[in-house]
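Survey of secondary and tertiary structure
Residue strings, one per chain:
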Amino acid sequence: MQAPAAASAPLSFGHAAVARRLVAALEASLQPGAGSSTEPALVIGVFGEWGAGKSRLLQTVAGSLSPGDGQTALNVVVPFNAWRYEREEHLLVPLLRVAQQCLSKALEASVPEDIRRAERLSDRFILLGELAQTVYQHGGRELLQTALATQGVVFKLPELKKDPNKPEPPFWERWRLRREALKRERLLQTPVNQLNSLYYDFLEHLKAVTGRNPKALALHRERLKYGGLGWWPRLNYGLRRLGIWLGTGETPKDQDFQVNLVFLVDDLDRCLPDKAVEVLEAIKLFLEVEGCAFVLALDEEVVERGIAHRYRDYSLQGKEGMTPITGAEYLEKLVHLPVRLPRPTGAAARDFLAGKWPDWFADASAQANDLATLVAAVTPGVPRKLHRMTALLALAESLGAGDAKTPRRREWLAIVCALQLFAPALYRYLRLHGARLLITLADWRTDALFRDVAGLRKALQQQVLAVDSPAQLQYRLVLMRLPDLCEAVMLNRSGFDLLELLARVGELHEKAALTGAQLGALMVFTEVEAAAEAAAAVPPVAAATPAVAVPAEMAVPPVTAEMPAAAGPVIAPAAAAPAPTQPQAGGVIEPVEPAMPTTAPLEARLENERALVEAVNSGELELVRVALSREGAAMSGRVISYALWGQLRASRLMEQVDAWVQRGAPADATQFLLQELRPHLSQVAAFDLLRDFGAPVQRVLKRPDWAQDVRVGDGNVGLLAPAFVAGQEVWLETVRSHSAAEWHIPRGWACATHHLESGEGRPGLSFGSDERYGVHAAIHLGDLEQRLRWVPAGKSAMGSPKGPPEEGELRTISLSRGFWMANTACSVALWSRVMGTVATGDGNLPMTGISAADIEGFLTRLGQALPGCECRLPSEAEWEAACRAGSRTAWAFGNEVGPQHVHAASSTALPVAGLGPNAWGFFQMHGNVAELCRDLLDDGQRTAESWLDPEGPPGIESTWHAVRGGSFRTRIEQTRSAAVERVGRNADRDDMGFRFIVRARTGVDQPPA
């Protein structure tokens, strides 16, 4: 988000109409005889607080004021920034000098081009005379004398004598000096340069500057009269007048010329109050001079303070503090036309934000969105403060403030930015002692505790006396300072409404509550990059496998669990795009599972570990939240170290959880405490809690998030995998791996592989889980294996904020059921094995050149081999949920990708696992081959209202089908998560393939008998 250029942007909030009226009033006042006999100079006062738009208004007035015709009248704009000359002894002198400079430039710029040409011609004649004189002096006389003697002419030419004491410069230097002298003769000369007294004959000096003294502009009048200075313009003028007299018998009357000065005095509110009044006193001296006008931009409170300071020694008798004249009375005597800039309303501010920065503040219909409403509500109605707010929001965004998955992140950022800008003391206190205190303030506002700040202080003091733990004492002492800080903010003169901000905080907290660590990370967004650099400086932990560099967008935790050995070649991930391999005897050669990169887990380095441990021991949830929020960016996206987890296990935490489980795991403070700690628990910590307390803790921690149930026995943890066949239960036994077990991945969890017995002639099934992508299933067709990954039910992003209409607007949709999806597109080897054909070429390549009807036949045969399972193409919503893998960016890997992420703009396809997977373990959903979906959503199903299982008519029965992901032939922009194209039912392109989903049939899904 970038602010538009101030010079080019139009005025907002009704200021444009004010500017037009002011220009009309100024031009009317500058007409001859328009002013009064006592005060011919017009003074306009533009009042508004700092940042209200006064400077922009003056710039617009200066650009809109007519300059005059330049022949009879000239309007000269004199911009005067008073604060630049604040240290001058008398501000009147710089005011006059600025007027002189502007007048000189304006006069020179107003001279017509024909006059300049005449003067250049006259100058050339003069310079030619100078050249002839120089030649004459340097040998020309002798040559002429010789020529005359040769012709018999007896005449002695005069000799030009040189001054022997004065060195003669070179010819070209003399030429340059002469040209500059001719130019200086035409420059305006005013008495300001000789202004030795401020008050002696001031009016005469001032009239000379404004041009009402005929002697002062005599030179310019002569240029206009004769058409330039020099002998040639004078000769031309005389000939023209002679011709007119001979033709009419009369000579034309010379036109009069006058100059009007319009002073635009700005930045008076930046001056010290007494200096601001001094400028106003200087302006009084101009009021008797015709041809002057003033526009003053000032804050009335500055004048009030200046008048009080100026007359502080003249207080009325018996009335201390009351001066003989007030600021309002002073301005009334000086300003003829007072104008107060309109303050932006909330609706105007929302429209302004939506119009200037639609990407941030407008919805799909170009109306102000929730963020615009929030920013307009918490920002004082001052244009400059709105600009500062948006600029700080853009900075926070560029610094990567908070986790991109933080709910309503930009709205929470707006709250933080408003505090930083308009309540800096309170912001610093919250940042130092815990951003969670902001929620406490919102609760105080809801309970109307601010109606009696003194009573609130006393209540907090009583709470301090009743504490029984160090953590409680620290927390209560922190709370005691808050009423004073809030009272100072509520009494400020900036127009910032703290109570309105706290009301918005309460609403946000209800809609999208943040953990203490999330809120703390947003509060210190300026420290995000520094924290990231500090984390990067930590040396990596030694790992069993060598580290492999991967792009930042793909840097996800490693897989350290041992993968099961297959009886033959296996369809599995590949580390990079390998060269195509030729089929060999015994099966199809497949890429092997790569060694995943292994680096140190992101452990939080807390400033005060003792505070967190004591907060947990206290048993108060709010203290834990405050302790986490106090750490800020140190906790953002990081896990508690194993050493700190040992301290927490030794604290009262385990006792609290045990008592909570004994009570039946109700929704009380202990559950909320676990939820607060959940994002920061390593896999070791989660394993310990699951092993000790089982299913109640798993339902809170969601570790792993795919587990349907948990059972504990013999010191180990069993996890129920998602169903593949209706009524089937598969329990996976956890494998605790200490080498990388501290990875904080909700999906990842190492489990031993479990093989299911299959009937004769039916594919085998196996289940397992790894620490990087979580649970997986595999279909075994002889020596061939196709792996599937689990896509859970829940919310996901769909659509694009700026894509074509067929992609739909960016929205959040919800899937009511989870499903298994093949982790690769269907390969040539898999197609051949299911369809009973002989594979040709590289079996790892995707199967292409097939139509929708062909794919339907494949899925029918696969479904028949897997009774109780539904095998079909994914809907667009299901496909995009798996492709995005929880992201909201253009690609699953971020908003910028390269050839290491996406295979596009090429001539051939890569193997199905030729590039690395997304965060859920799905390979090449961007590019390589376009993938067919079962439906084609119409326009109505691509709106924000279509949020639950959005699905169009089945594509198998339609004429047209949706194809997602782009292919190796398309441009990389066409491989985004939301990109969609349509193909006909009989299309069999060589860059189009498919991947399938499998899920257990329910009663509704059962096919007819």
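Residues numbered from 1 in each chain as written. Predicted model: local features only at pLDDT ≥ 70, side-chain atom pairs only at ≥ 80, totals over all residues. Heavy atoms only, no water.

1. Focus: the sheet that holds strand S4 (residues 292-298)
Taken together, five strands build an open sheet; the order of strands is S2-S3-S4-S1-S5 and the sheet is parallel. For this open sheet the edge positions go to strand S2 (73-81) and strand S5 (337-340), each flanked by a neighbour on one side alone. Across the sheet, the axes of successive neighbouring strands diverge by a mean angle of 15 degrees, strand direction being ignored. Pairing geometry for strand S1 (residues 42-47) and S4, over six bridges, is parallel. Residue pairing across strands places Gly 45 opposite Leu 296, the latter belonging to S4. Contacting S1, S2, strand S3 (258-266) and S4, helix H2 (residues 54-64) runs over the sheet at an angle of about 165 degrees to S3. (Pairing = 2+ DSSP bridges. Helix = DSSP H or I, 4+ residues; strand = E, 2+ residues; numbered from the N terminus. Axes fitted to C-alpha atoms, helices over the stretch in contact; angles between N-to-C directions. Contact = heavy atoms within 4.5 Å.)

2. Here's the deal with the environment of Asn 75
Mapped onto the fold, Asn 75 is located in strand S2. Sequence separation between Asn 75 and Leu 261 is 186 residues; the distance between their C-alpha atoms is 6.1 Å. Asn 75 has contacts with Leu 30, Ser 66, Pro 67, Gly 68 and Asn 260, leaving out every residue within four places of it along the chain. At a separation of 2.8 Å, a polar atom in the side chain of Asn 75 contacts the side chain of Asn 260. (Polar contact = N/O pair within 3.5 Å; in protein donor to acceptor, adjacent residues only side chain to side chain.)

3. Section: the nonpolar core
One finds Leu 426, Leu 501, Phe 724, Phe 858, Phe 994 and Phe 996 to be the most contacted residues of the largest nonpolar core, which totals 148 residues. It is helix H16 (residues 409-422) that contributes the most residues to this core, ten residues altogether. Setting aside chain neighbours within four positions, we find Phe 996 in contact with Ile 779, Gln 786, Leu 788, Trp 820, Met 821, Ala 822, Leu 830, Phe 858, Leu 859, Leu 862 and Arg 872. Listed in part, the 46 residues of the second largest apolar core include Ala 106, Leu 287, Val 302 and Ile 307. (Core = buried A, V, L, I, M, F, W, Y, C linked by side-chain atoms within 4.5 Å. Buried < 20%, exposed > 50% of the residue type's maximum accessible area, 1.4 Å probe, protein only.)

4. Here's the deal with the confidence of the model for the protein chain
Averaged over every residue, the pLDDT of the protein chain is 77; the share at 70 or more is 74%. Ignoring residues within four places in sequence, the model shows residues 527-600, a span with pLDDT below 50, making 131 contacts including any to other chains. Between residues 738-742, whose pLDDT stays under 50, and residues either more than four places distant or in other chains, the model counts 14 contacts. (pLDDT = per-residue confidence, 0-100.)

5. Examining the pattern of salt bridges
Applying the stated criterion across every chain yields a total of 35 salt bridges. Across the pair Asp 692 and Arg 649 runs a salt bridge, and its minimum N-O distance is 3.1 Å. Note that Asp 692 is positioned in helix H29 (residues 683-693) and Arg 649 in helix H26 (residues 642-650), a separation of 43 residues in sequence. Residues Arg 872 and Glu 878 are paired through a salt bridge, measuring 2.9 Å at the closest nitrogen-oxygen approach. (Salt bridge = Lys/Arg side-chain N within 4 Å of Asp/Glu carboxyl O.)

6. Overview of the packing of H16 against helix H21 (residues 498-511)
The geometry of H16 relative to H21 is characterised by a closest axis approach of 11 Å and an angle of 155 degrees between their N-to-C directions. The orientation of H16 with respect to H21, classified from their angle, is roughly antiparallel. The way H16 lies across H21 gives a crossing that is left-handed. Two secondary-structure elements touch here, H16 through Glu 411, Trp 412, Ile 415, Ala 418 and Leu 419 and H21 through Leu 501, Arg 504, Val 505, Leu 508 and His 509. Its residues assigned to classes, the contact of H16 with H21 shows seven nonpolar, one polar and two charged. (Parallel < 35°, antiparallel > 145°, perpendicular 65-115°, else oblique. Left-handed = near helix turned anticlockwise from the far one by under 90°. Nonpolar A, V, L, I, M, F, W, Y, C, P; charged D, E, K, R; others polar.)

7. Side note on a nonpolar patch on the surface
Together, Leu 235, Leu 239, Leu 242, Trp 245 and Leu 246 give the surface a local cluster of nonpolar side chains, amounting to about 520 Å² of exposed area. Structurally, the position occupied by Leu 246 is in helix H8 (residues 231-248). What makes Leu 246 exposed here is its relative accessible area of 60%. (Patch = residues over 30% accessible without salt bridge, like charges linked within 9 Å, V, L, I, M, F, W, Y side chains within 5 Å. Areas by Shrake-Rupley, 256 points an atom, 1.4 Å probe, with all protein chains shown as cover.)

8. Quick look at the environment of Leu 602
For Leu 602, the location among the structural elements is in the loop between helix H23 (528-536) and helix H24 (609-618). Take Leu 602: its relative accessible area is 46%, and that puts it in the partly exposed class. As for Leu 602 and Val 639, which are separated by 37 residues in sequence, their C-alpha atoms are 6.4 Å apart. Excluding anything up to four places from it in sequence, Leu 602 contacts Gly 637, Arg 638 and Val 639.

9. As for the sheet that holds strand S21 (residues 997-1000)
Reading across from one edge, S9-S10-S11-S12-S15-S21-S16 is the order of the seven strands in this open sheet, with antiparallel pairing throughout. The sheet is open, and its two edges are formed by strand S9 (751-756) and strand S16 (869-872), each paired on a single side. Strand-to-strand twist across the sheet, computed as the mean angle between neighbouring axes with direction ignored, equals 25 degrees. Bridging between strand S15 (residues 819-822) and S21 involves two bridges; their strand directions are antiparallel. When the sheet's bridge partners are listed, Met 821 is paired in S21 with Ile 997. Across the sheet, helix H31 (residues 828-835) touches strand S11 (774-781) and strand S12 (784-791), and the angle it forms with S12 is around 105 degrees. Across the sheet, helix H33 (residues 876-884) is in contact with S12, S15, S16 and S21; its angle to S15 comes to roughly 70 degrees.

10. Re the packing of helix H15 (residues 383-398) against H16
One can describe the packing of H15 onto H16 by two numbers: an axis separation of 9 Å at closest approach and a directional angle of 125 degrees. Classed by the angle they form, the pair H15 and H16 counts as oblique. Our pair here, H15 against H16, has a crossing hand that is right-handed. Packed against H15, whose contacting residues are Lys 385, Arg 388, Met 389, Leu 392, Leu 393, Ala 396 and Glu 397, the element H16 presents Arg 409, Arg 410, Leu 413, Ala 414, Cys 417, Ala 418, Gln 420, Leu 421 and Phe 422 at the interface. Taken together, the residues of the contact of H15 with H16 sort by class into ten nonpolar, one polar and five charged.

11. Here we look at helix H10 (residues 300-310)
Restricting attention to buried positions, one finds in H10 the residues Val 302, Val 303, Gly 306 and Ile 307. One side of H10 carries all its buried residues, which in axial view fall inside an arc of 130 degrees. In this structure, the buried side of H10 is in contact with helix H9 (273-284), S4 and helix H11 (327-334). (Arc of directions from axis to C-beta.)

12. A few points about helix H12 (residues 346-356)
For H12, every residue scored as buried is listed here: Ala 349, Phe 352, Leu 353 and Ala 354. Those residues of H12 that are buried are in contact with helix H13 (358-361), helix H14 (370-378) and H15.

13. Quick notes on the side chain of Glu 931
Residue position: Glu 931 is located in strand S17 (residues 930-932). Polar contacts involving the side chain of Glu 931 include one to the side chain of Arg 995, which spans 2.8 Å. Discounting residues that sit within four places of it in the chain, Glu 931 has contacts with Ala 825, Trp 879, Gln 924, Met 925, Ala 962, Val 963, Arg 964, Gly 993, Phe 994 and Arg 995.

14. A few points about unusual backbone geometry
Going from Arg 703 to Pro 704, the amide bond is cis rather than trans, its omega being -15 degrees. Along the polypeptide, Pro 704 turns up in the loop between helix H30 (695-701) and strand S6 (710-713). Located in the positive-phi region is Ala 665, a residue other than glycine, with phi close to 55 degrees. The class for Ala 665 is partly exposed, based on a relative accessible area of 21%. Even without glycine at this site, Lys 702 takes up a positive phi of about 55 degrees. Within the secondary structure layout, Lys 702 lies in the loop between H30 and S6. Overall, the relative accessible area of 44% leaves Lys 702 in the partly exposed class.

15. Re the packing of aromatic side chains
A full pass over the atoms with the stated rule returns 15 aromatic pairs. Their ring planes at 75 degrees and their centres at 6.1 Å tell us that Trp 831 and Phe 994 sit as a pair that is edge-to-face. With a gap of 163 residues between them, Trp 831 in helix H31 and Phe 994 in the loop between strand S20 (992-993) and S21 connect regions that are remote in the sequence. Across this residue pair, the class does not change: Trp 831 and Phe 994 are buried. Arranged with centres 6.2 Å apart and planes meeting at 55 degrees, the rings of Phe 858 and Phe 996 form a pair that is tilted. Of the two residues, Phe 858 is situated in helix H32 (residues 852-865) and Phe 996 in the loop between S20 and S21; the sequence distance between them amounts to 138 residues. Take Phe 858: its relative accessible area is 0%, and that puts it in the buried class. Judged by its relative accessible area of 1%, Phe 996 is buried. What links up through ring pairs into an aromatic cluster is the set Phe 352, Trp 357, Trp 360 and Phe 361. (Phe/Tyr/Trp six-rings, centres within 6.5 Å; stacked < 30°, edge-to-face > 60°.)

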